[in-house]
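Listed below, chain by chain, are the residues.
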Amino acid sequence: MENETKNFHFMELDWLVYFPKYGNRGKYLDYRVVFIDRRKGTAQAAKIVRLREILENPEFENNYPHTVGFYKGDAGEGTDFKPDYLEIRKINSVEDFWLFLNALDI
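1. Side note on the nonpolar core
A general feature of soluble globular proteins is that nonpolar side chains tend to end up buried together.
Logical step 1: Phe-8, Phe-10, Phe-19, Leu-51, Ile-54 and Phe-97 are the most contacted members of the largest nonpolar core, which totals 22 residues.
Logical step 2: Going through the elements one at a time, strand 1 (5–10), strand 2 (15–20), strand 3 (32–37), helix 1 (51–55), strand 5 (66–71) and helix 3 (94–103) are the ones with two or more residues in this core.
Logical step 3: Apart from the residues lying within four places of it in its own chain, the contact partners of Phe-19 are Glu-4, Thr-5, Lys-6, Phe-8, Tyr-31, Val-33, Leu-51, Phe-97, Leu-101 and Ile-106.

2. Brief notes about the sheet that holds strand 6 (residues 85–91)
Logical step 1: Reading across the sheet, the 6 strands line up as 4-3-2-1-5-6 and stay open at both edges, with antiparallel pairing between neighbours. The strands lining the two open edges of the sheet, one partner per strand, are strand 4 (47–50) and strand 6. Going from strand to strand, the sheet's axes swing by 30° on average, the running direction of each strand aside.
Logical step 2: As paired strands, strand 2 and strand 3 are joined by 4 bridges and run antiparallel to one another. The partner of Trp-15 across the bridge, within strand 3, is Asp-37.
Logical step 3: The strands that helix 3 touches are strand 1, strand 2, strand 5 and strand 6; relative to strand 6, the one it contacts most, it runs at about 155°.

Cut-off values and rules
Residues numbered from 1 in each chain as written. Predicted model: local features only at pLDDT ≥ 70, side-chain atom pairs only at ≥ 80, totals over all residues. Heavy atoms only, no water. Core = buried A, V, L, I, M, F, W, Y, C linked by side-chain atoms within 4.5 Å. Buried < 20%, exposed > 50% of the residue type's maximum accessible area, 1.4 Å probe, protein only. Helix = DSSP H or I, 4+ residues; strand = E, 2+ residues; numbered from the N terminus. Contact = heavy atoms within 4.5 Å. Pairing = 2+ DSSP bridges. Axes fitted to C-alpha atoms, helices over the stretch in contact; angles between N-to-C directions.

Structure, rendered in structure tokens:
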């Protein structure tokens with residue numbers, strides 16, 4: 001996945017969201033992303049979903065703030081998951097997340 005995605009780790013939820021380098025246009029809510037819920041263990045397969053499915057999930061909406069780490073490249077799996085974060089932000093609203101995405105030119 002290196003250089004092909006922009007990767008985010010929602011630390012408290014232990015969710016991974018990968019934005020593909022190409023293919024998404026328009027409003028962020030309609031972007032297709034790869035989603036992994038790491039709490040479900042190694043059996044959890046990556047799913048391609050619309051970003052709105054993640055951001056409108058009650059577990060996400062009702063648990064602000066979120067600590068979100070941005071990283072590139074392979075971060076490992078399971079207990080070997082150790083991303084090299086390029087930036088970490090605390091987001092208090094979906095608007096804060098949009099600002100984070102804009103800052104990273106997504």
